[in-house]
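Structural features, examined
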Amino acid sequence: MSQPVFGRLLTAMVTPFHPDGTVDLAEARKLAAHLVDVQHNDALVINGTTGESPTTTDAEKAELVAAVVDEIGDRAQVVAGVGSNDTRHTIELARQAADAGASGLLVVTPYYSKPPQDAIAAHFRAVADATELPMMLYDIPHRAGVPIQTATLIELAGHPRIVAVKDAKGDLVASATVIAATGLHYYSGDDALTLPLLAVGGVGVVGTSTHFTGARAKVMIEKFLAGDLAGAIVDNAALLPVFTGVFATQGCMLVKAGLEARGFRRAVLRAPLLPASAEQKAAFVAILDAAGL
């Protein structure tokens, strides 16, 4: 397999907010630099679900991409989440992200409307045709309401700019089937399934817990690729409580709670999300502490 277009380790970065709820671009820059320079991310996903993208305006999304691109320069790539359930709006967001300097796009299956497979394929092709940027499909049926079916993924792999999949379907047989039939680069969209997905041909992860586990998760990936399966299994076991614990409640809530505990600014979220409770925060920080993170 060729070198993955977006590298091996990506984090879906949270969006920091000031106490009044406005976007904190300075803190976003600080966090982006930390994720690249300390956690060793090859790319950052900006304006994904973990970035509370349903609550940010188009202008805020563009400002975030531009700020992060400026901060990390050529040290890592910036993949912009641009998906919505409106094809026209998604195309607008894709073009805006390209103008802001993004090096790739993450596009989720149109949610809520539950379009049939031919409509899903048409949506993705229209977005891929709208810019020159490489595109990662986001297959997450438990949020979108519908999966991208195997046949649809194989069909879409024929588009020159559809190059990768963020796989949160939880069906390793389906993923292995697409990987075997196409050149699509498969990234785990579930931190705990990173190692199993690598075993069937996946290339890496788009993580949530990787705000904290990134550097060690990258070592795990590199051990697997080097043939040190036993070492990768040991690393996976050590990190598994964090991979799963970050989703004890909504992942963004616990990431922000954990970052606050590790010296970043106070966890501020936009409704409908709420800050993690004191009990939730304490439980997650205990998991980080136990893992040496």
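What counts as what
- Residues numbered from 1 in each chain as written.
- Predicted model: local features only at pLDDT ≥ 70, side-chain atom pairs only at ≥ 80, totals over all residues.
- Heavy atoms only, no water.
- Phe/Tyr/Trp six-rings, centres within 6.5 Å; stacked < 30°, edge-to-face > 60°.
- Helix = DSSP H or I, 4+ residues; strand = E, 2+ residues; numbered from the N terminus.
- Buried < 20%, exposed > 50% of the residue type's maximum accessible area, 1.4 Å probe, protein only.
- Lys NZ or Arg CZ within 6 Å of the ring centre and 35° of its normal.
- Arc of directions from axis to C-beta.
- Contact = heavy atoms within 4.5 Å.
- 1 Å grid on protein atoms, 1.4 Å probe; cavity = no way out; pocket = protein on both sides within 12 Å on 5 of 7 lines; lining within 4 Å.
- Points joined across faces, edges and corners; volume = space filled by probe spheres on them.
- Nonpolar A, V, L, I, M, F, W, Y, C, P; charged D, E, K, R; others polar.
- Axes fitted to C-alpha atoms, helices over the stretch in contact; angles between N-to-C directions.
- Parallel < 35°, antiparallel > 145°, perpendicular 65-115°, else oblique.
- Left-handed = near helix turned anticlockwise from the far one by under 90°.

Using the criterion set out here, one finds 1 aromatic pair in the structure. Geometrically, the ring pair formed by Phe212 and Phe284 is edge-to-face, given 5.7 Å between the ring centres and 70 degrees between the ring planes. Separated by 72 residues along the polypeptide, Phe212 in helix H9 (residues 210–225) and Phe284 in helix H12 (residues 278–290) bring together distant segments of the chain. Of the residues examined, Phe284 reaches a relative accessible area of 2% and is grouped as buried. Above the ring of Phe264, the side-chain terminus of Lys30 is found at 5.0 Å from the ring centroid.

Attention now moves to helix H7 (residues 172–181). Ala174, Ser175, Val178 and Ile179 are the residues of H7 that are buried. Looking down the long axis of H7, one finds its buried residues gathered within 135 degrees of arc, a one-sided arrangement. Seen from the buried face of H7, the exposed residues on the opposite side, beyond 90 degrees, are Val173 and Ala180. Tucked inside the fold, the buried residues of H7 contact helix H6 (150–156), strand E6 (162–167), strand E7 (185–188) and helix H8 (194–199).

Here the largest pocket defines a volume of roughly 540 Å³. Lining the largest pocket are 29 residues, with Gly48, Thr49, Ser53, Pro54 and Tyr111 sitting closest to its centre. Counting residues per element, the ones that place at least two in the lining of the largest pocket are helix H2 (58–72), helix H3 (87–100), strand E4 (104–108) and helix H5 (141–144). Top contributing element to the lining of the largest pocket by residue count: E4, with 3 residues. Of the residues in the lining of the largest pocket, the class split is 13 nonpolar, 11 polar and 5 charged. Of the pockets and cavities examined, the second largest pocket occupies roughly 320 Å³. Tyr138, Ile140, Arg143, Gly189 and Phe247 are, among the 19 residues lining the second largest pocket, the residues nearest its centre. Of all the secondary structure elements, the ones that give two or more residues to the lining of the second largest pocket are H5 and helix H11 (251–261). Class assignment of the residues belonging to the lining of the second largest pocket gives a composition of 7 nonpolar, 9 polar and 3 charged.

On to the packing of H3 against helix H4 (residues 117–128). At their nearest, the axes of H3 and H4 sit 9 Å apart, and the two run at 25 degrees to each other. Of the possible angle classes, the one that applies to H3 and H4 is roughly parallel. Handedness of the crossing formed by H3 with H4: right-handed. Two secondary-structure elements touch here, H3 through Thr87, Thr90, Ile91 and Ala94 and H4 through His123, Ala126 and Val127. The class makeup of the residues in the contact of H3 with H4 is 4 nonpolar, 3 polar and no charged.

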